[in-house]
Amino acid sequence: MEVVASLSSHSPIHRRSLCHKESRFLAGSSPTLLCTHRGTRTYKPPVLRTSLNASQFSLLCISKKHRNVSWLAVSPNLDVRNKFHRDVVVRSELTAAGSAGDGYSLPELKIESKVRGVCFYAVTVVAAIFLFVLMLVGHPSVLLFDRYRRKFQHFVAKVWATFTVTPFFKIEFEGLENLPPPDTAAVYVSNHQSFLDIYTLLTLGRSFKFISKTGIFLYPIIGWAMFLLGTIPLKRTDSRSQLDCLKRCMDLIKKGASVFFFPEGTRSKDGKVGTFKKGAFSVAAKTNAPVVPITLIGTGQIMPAGREGIVNVGSVKVVIHKPIEGKDPGMLCKEARKTIASLTGKSCVA
């Protein structure tokens, strides 16, 4: 019977590098410790393989100092000092350099993702400059005839977002029939995984108002375009700003405009749906506006939160669920989160 065990380390190791701090295996005695260090240097995880009789197994305990070493089954009668080179084979393993759950850990794929990221932002900026001029020229007419919905500005934003994302990933829509009519004021809510969520949602072509940190408005071109779109500013740590934000949302809905919330408040780093805040649902309950849950799948894998400099290969799916209505914010919050979370475990990476 063959037993294989891995010892966690970082760089390649040769058979001679193994030291036997305690190499005596006595039947019936306490388990012994095998170490794989020399000075303060660490090594690549070897795999120890030996042929043992099933009746001779005993467990090798690992001290806290070597807690990263796996359990190893050994024979109490095995003379490691004399038979190490004959009975034990050291084999190197490839260890991914990326973080846990990173599907693009190989160096060449990382480089490709970084190059794609640079190209993505280059396309974004170039497209934004030309389209921002168009938004700026049309803004006086928008203020005169469509101050609250600003359909023209949102049409330009849709063109910008579509032009930007098309070369890098495909977007698939499901449940478009669940969208309320364009002139119906509603509260849209979605999970939040990535910086790409805004781009993806703009391609829907609906003139809803996002809520954004006040600092974003200072960004050249992008921040200015958000101001022209009527994006609602928010200071997260200022309770007065939060109250003013909710009041403005209710005012916009009463005047026929829709608003968009990310109820989690921040981007998820593991893809799981976090706790929903009730602000969006209080707005919906007080204005009798329907809540439209939307599930975004794949944006977090293409551009993970905290790694906005890369664009991985993949695709995105947008699922629009049936609107939810009610006057109980708690019920609306619970139902919307349950609906959105039911699909977030799926992957759309190509």
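Definitions and cut-offs
Residues numbered from 1 in each chain as written. Predicted model: local features only at pLDDT ≥ 70, side-chain atom pairs only at ≥ 80, totals over all residues. Heavy atoms only, no water. Buried < 20%, exposed > 50% of the residue type's maximum accessible area, 1.4 Å probe, protein only. Helix = DSSP H or I, 4+ residues; strand = E, 2+ residues; numbered from the N terminus. Pairing = 2+ DSSP bridges. Patch = residues over 30% accessible without salt bridge, like charges linked within 9 Å, V, L, I, M, F, W, Y side chains within 5 Å. Areas by Shrake-Rupley, 256 points an atom, 1.4 Å probe, with all protein chains shown as cover. Salt bridge = Lys/Arg side-chain N within 4 Å of Asp/Glu carboxyl O. Phe/Tyr/Trp six-rings, centres within 6.5 Å; stacked < 30°, edge-to-face > 60°. Expected span 1.5 Å × (residues − 1). Arc of directions from axis to C-beta. Contact = heavy atoms within 4.5 Å. Polar contact = N/O pair within 3.5 Å; in protein donor to acceptor, adjacent residues only side chain to side chain.

(A) Geometry of the pairing of strand β12 (residues 291-297). Among the seven residues in β12, seven count as buried, and that is most of the element. Where β12 and strand β13 (residues 315-320) come together, four bridges link them in antiparallel fashion. Opposite I297, over in β13, you have K317 as the bridge partner.

(B) Just a nonpolar patch on the surface, in detail. There is a patch of nonpolar side chains on the surface, built from V125, V126, I129 and F130 and spanning about 400 Å² of accessible area. Among the secondary structure elements, V126 is positioned in helix α2 (residues 107-145).

(C) Up close: the packing of aromatic side chains. Following the criterion strictly, the structure yields 14 aromatic pairs and no others. Between F276 and F281, the aromatic rings sit 6.3 Å apart at their centres with planes inclined by 15°, giving stacked as the arrangement. The pair F276 / F281 is uniform in exposure class, with both members buried. These aromatic residues form a ring-pair network of at least three members: F120, Y121, W160, F168, F195 and Y199.

(D) Structural detail: helix α9 (residues 329-341). Between its first and last C-alpha atoms α9 spans 18 Å; for 13 residues at 1.5 Å apiece the expected length is 18 Å, and the two agree. Listing the buried residues of α9 in full gives L332, C333, A336, T339 and I340. Buried residues of α9 fall within an arc of 140° about the axis and therefore sit on the same side. For α9, exposure combined with an orientation more than 90 degrees from the buried face picks out K334 and K338. Considering only its buried residues, α9 is in contact with β7 (187-190), α7 (279-287) and β12. Capping the start of α9 is the job of one residue whose side-chain oxygen sits 3.1 Å from the backbone nitrogen of G330: D328.

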